[in-house]
Amino acid sequence: MICIRCGLCCQNLDVMIVNPGSIRPDGTVDPADPDSFIKKPMGKRCPHLAYLGDLAVCIIHDLPCYRGTPCDLFDQIGPDDGFCTFSGYFKTSNPANL
Ligand code: SF4
């Protein structure tokens, strides 16, 4: 799946994310820290989401702590070279996303 960088997943999905307060200077989190992940509820913008113009950017995407997270492993059914279809779903299911 090819992400179209709309950022709507990062606003509209319930997902466990890395706790911003748990990221160490080297970009890792302490695996023994029980608070290293927090719930990002549906409809709440992820604190790691930023925009460069209209382009959504996950500011922890290249950090070691991102590896293996639900966001890192997120995919959808379909061809690997197909563009994400969630954007259209979020826009039609919630016109506030238009
Ligand atoms: S951690 Fe990154 S990919 Fe995951 S919801 Fe937040 S901004 Fe999006």
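Residues numbered from 1 in each chain as written. Predicted model: local features only at pLDDT ≥ 70, side-chain atom pairs only at ≥ 80, totals over all residues. Heavy atoms only, no water.

Caption draft 1: The arrangement of the pattern of salt bridges in detail. Scanning the model with the defined rule gives one salt bridge in all. A salt bridge links Asp72 to Arg67; the nearest nitrogen and oxygen atoms lie 3.7 Å apart. (Salt bridge = Lys/Arg side-chain N within 4 Å of Asp/Glu carboxyl O.)

Caption draft 2: Spatial organisation of the site of the ligand. Taken together, Cys10, Cys46, His48, Leu49, Cys58, Tyr66 and Cys71 make up the full set of residues near the ligand. Put simply, the ligand lies in the largest pocket. Here the residues of the shell around the ligand are counted per class, giving six nonpolar, one polar and no charged. (Near = heavy atom within 4 Å. 1 Å grid on protein atoms, 1.4 Å probe; cavity = no way out; pocket = protein on both sides within 12 Å on 5 of 7 lines; lining within 4 Å. Sits in = over half its atoms within 2 Å of the grid points. Nonpolar A, V, L, I, M, F, W, Y, C, P; charged D, E, K, R; others polar.)

Caption draft 3: Representation of the side chain of Thr69. With respect to the helices and strands, the residue Thr69 is situated in the loop between β4 (55-58) and α2 (70-73). Using a relative accessible area of 3% as the deciding quantity, one classes Thr69 as buried. One polar contact links the side chain of Thr69 to the main-chain carbonyl oxygen of Tyr66, over a distance of 2.8 Å. Apart from the residues lying within four places of it in its own chain, the contact partners of Thr69 are Val18 and Phe37. (Helix = DSSP H or I, 4+ residues; strand = E, 2+ residues; numbered from the N terminus. Buried < 20%, exposed > 50% of the residue type's maximum accessible area, 1.4 Å probe, protein only. Polar contact = N/O pair within 3.5 Å; in protein donor to acceptor, adjacent residues only side chain to side chain. Contact = heavy atoms within 4.5 Å.)

Caption draft 4: Up close: the state of the cysteines. Throughout the structure, instances matching the rule amount to zero disulfides. Here Cys3 is not cross-linked by a disulfide; its sulfur's nearest cysteine counterpart is in Cys84, at 6.5 Å. Lacking any disulfide linkage, Cys6 is separated from the closest cysteine sulfur, that of Cys9, by 6.1 Å. (Disulfide = S-S within 2.5 Å.)

Caption draft 5: Quick peek at the environment of Gly43. Summarising the element assignment, Gly43 is placed in the loop between β2 (37-40) and β3 (49-52). For Gly43, a relative accessible area of 61% puts it in the exposed group. When the C-alpha atoms of Gly43 and Gln11 are compared, they prove to be 5.4 Å apart, with 32 residues separating the residues in sequence. In contact with Gly43, other than residues within four places in its own chain, are Gln11 and Asn12.

Caption draft 6: Up close: the packing of aromatic side chains. For the structure shown, the criterion picks out three aromatic pairs. With a centroid separation of 5.9 Å and an interplanar angle of 25°, the aromatic rings of Phe86 and Phe90 are classed as stacked. One end of the pair is Phe86 and the other is Phe90, both in helix α3 (residues 86-93) and four residues apart, which spans about a single turn. A network of ring pairs unites the aromatic residues Phe74, Phe86, Tyr89 and Phe90 as a single cluster. (Phe/Tyr/Trp six-rings, centres within 6.5 Å; stacked < 30°, edge-to-face > 60°.)

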